[in-house]
Structures are given as structure tokens and as C-alpha cells.
Amino acid sequence: CNAEYALNSDGKTCSIIDQCATNNNGCAHACSSPAGACSCNSGYLLGSDGKSCDDINECDTNNGGCDANASCQNTAGGFTCSCNSGFAGDGNSCTDIDECSDGTDNCHANASCQNTIGGFTCTCNSGYAGDGVSCSDINECADGTHSCDANASCE
């Protein structure tokens, strides 16, 4: 018989040898009978040895197709997309969360909230000082910034 064939028990005919019948022909994922060609599952590339399968890092190309406001996490044979902080959605489509409108900001009661892309800022109202998260009343009488008439008392 020619190579890759075996003599049948009748001693006269030959049959092709199924290379995949023994140990999957060494293929990491799939073996195509009878020739024994190896192939890999989705998300993997056939290794240079023709038998192993290497994970494709989909995140290396175009952030895996995830939204611009999302992060891509490579997984074995695939990937996941997750919206960044300050955004909502499924990772493939992310929209800005308006923390000021939905009340999830941490601005002080005497501060105003301004939504920004992916976040927000807090600014103390006029007459108050601080970082917007903590605001305290300014004593205009004590610091001389009051607008009282020279002939009036400041309280």
C-alpha cells in the first residue's frame, strides 16, 4: 500500500489510515479525518507547529470593537467589553451618565453640579468657599468683602 494507507485483513485491498483516530493526531482542538489536519476553535490561531492553538487577543485590534468609552478584556477564545466609569451600556455602546440629573453626584448642598463627559464637577455657590464637595459660608463682614454702606452695620 502507498503511504497513509494500510493493508486490509483480506490482504488485497488498502484503506486510508485515519490520522485522527489516535490521540486526535496531537491536535489541540480539532482534527479533520482522515488526513489529520488540525484546526482551532473560534478565537484561536493554529500555532506554527501545526497542532497547537494560540489565543487571539481581540483587544489588540481596534479595542476589540468595543465602544470608545469602554475597556476590552481578553478572555480565552474571546473577549468582553465593559463601559468605563461614568458611562452606562453593554460595552459595545456606552452613553454618558448625567450624575447631576440622576442625583449620584456628591456635591455639597450649597454647590452646583456640572455634568462632564464621563464625570461631573462641583462648584461652591456664591458666598461659599471650598472644593464643591465641602462648602462653608464665607463671612463677608469679617473679611471685609461685604457691600454694606459705610453708615450701616454688617451682620
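Everything that follows concerns the structure shown earlier in this document.
Residues numbered from 1 in each chain as written. Predicted model: local features only at pLDDT ≥ 70, side-chain atom pairs only at ≥ 80, totals over all residues. Heavy atoms only, no water.

Thoughts on the overall build of the protein
Cut-off, in case you're wondering: The secondary structure listing takes helices from DSSP runs of H or I that are at least 4 residues long and strands from runs of E that are at least 2 residues long, numbered from the N terminus. Buried residues are those whose accessible area, probed at 1.4 Å on protein chains only, stays under 20% of the maximum for their type, while exposed residues exceed 50% and partly exposed ones sit between those limits. The contact definition used throughout considers only heavy atoms, calling two residues in contact when any of these lie within 4.5 Å.
Counting its secondary structure elements, the protein contains two helices and 14 strands. Judged by the C-alpha coordinates and their principal axes, the protein covers about 125 × 25 × 20 Å. The 155 residues of the protein split such that 19% are buried. Sequence-distant contacts, at least 24 apart, represent 13% of the contacts inside the protein between residues at least 6 apart.

Let's talk about the side chain of Glu58
Here is the rule: When charges are tallied, Lys and Arg are placed among the positive residues and Asp and Glu among the negative ones, while His and the ends of the chain are skipped. Salt bridge, as applied in this entry: a Lys or Arg side-chain nitrogen positioned within 4 Å of an Asp or Glu carboxyl oxygen.
Within the secondary structure layout, Glu58 lies in the loop between β6 (53-55) and β7 (70-75). Although Glu58 lies buried, it forms no salt bridge, and the closest oppositely charged side chain, Lys51, sits 24 Å away as judged by the N-O distance.

Observations concerning the nonpolar core
Formally: The term nonpolar core refers to a set of buried residues drawn from Ala, Val, Leu, Ile, Met, Phe, Trp, Tyr and Cys, joined through side-chain atoms within 4.5 Å.
Of all hydrophobic cores here, the largest spans eight residues; its members are Cys59, Cys66, Ala70, Cys72, Cys81, Cys83, Phe87 and Cys94. Among the secondary structure elements, those contributing two or more residues to this core are β7 and β8 (78-83). Beyond its immediate sequence surroundings of up to four residues, Cys83 is in contact with Asn69, Ala70, Ala88, Gly89, Asp90, Gly91, Ser93 and Cys94. Counting residues in each nonpolar core, the second largest holds five residues, with Cys107, Ala111, Cys122 and Cys124 among its members.

Topic: the side chain of Glu99
Position of Glu99 among the secondary structure elements: in helix α1 (residues 99-102). For the buried Glu99, no salt bridge exists, and the shortest N-O distance to an oppositely charged side chain is 53 Å, to Lys51. Filtering out sequence-adjacent residues up to four positions away, Glu99 remains in contact with Gly86, Thr104, Asp105, Asn115, Gly118, Gly119 and Phe120.

Some details on unusual backbone geometry
Residue Asn23 is not a glycine yet carries a positive backbone phi of 55°. Among the structural elements, Asn23 can be located in the loop between β2 (14-16) and β3 (30-32). In this structure Asn23 comes out as exposed when scored by relative accessible area, which is 65%. Located in the positive-phi region is Asn25, a residue other than glycine, with phi close to 55°. Within the fold, Asn25 resides in the loop between β2 and β3.

Let's talk about the pairing of strand β12 (residues 119-124)
Filter applied, for reference: Here, strands pair whenever DSSP counts at least two bridges between them.
The pairing of strand β11 (residues 111-116) with β12 spans six bridges and is classified as antiparallel. Bridge pairing links Gln114 to Thr121 in β12. Following β11, the chain reverses through two residues before pairing antiparallel with β12; Gly118 in that reversal takes a positive phi of roughly 85°.

Some points on the state of the cysteines
Between two cysteines, a covalent bond joining their sulfur atoms is known as a disulfide. Selection rule: Throughout, disulfides are identified as pairs of cysteine sulfur atoms within 2.5 Å of each other.
Under the defined criterion, the tally for this structure stands at eleven disulfides. Two residues, Cys83 and Cys94, share a disulfide whose sulfurs are 2.2 Å apart. An S-S torsion of about -90° defines the bridge between Cys83 and Cys94 as left-handed. Here the residue Cys83 occupies a position in strand β8, and Cys94 occupies one in strand β10 (residues 94-96), the gap between them amounting to eleven residues. A sulfur-sulfur separation of 1.9 Å characterises the disulfide bridge that pairs Cys100 with Cys113. With the S-S bond torsion at -70°, the cross-link from Cys100 to Cys113 turns out left-handed. Here the residue Cys100 occupies a position in helix α1, and Cys113 occupies one in strand β11, the gap between them amounting to 13 residues.

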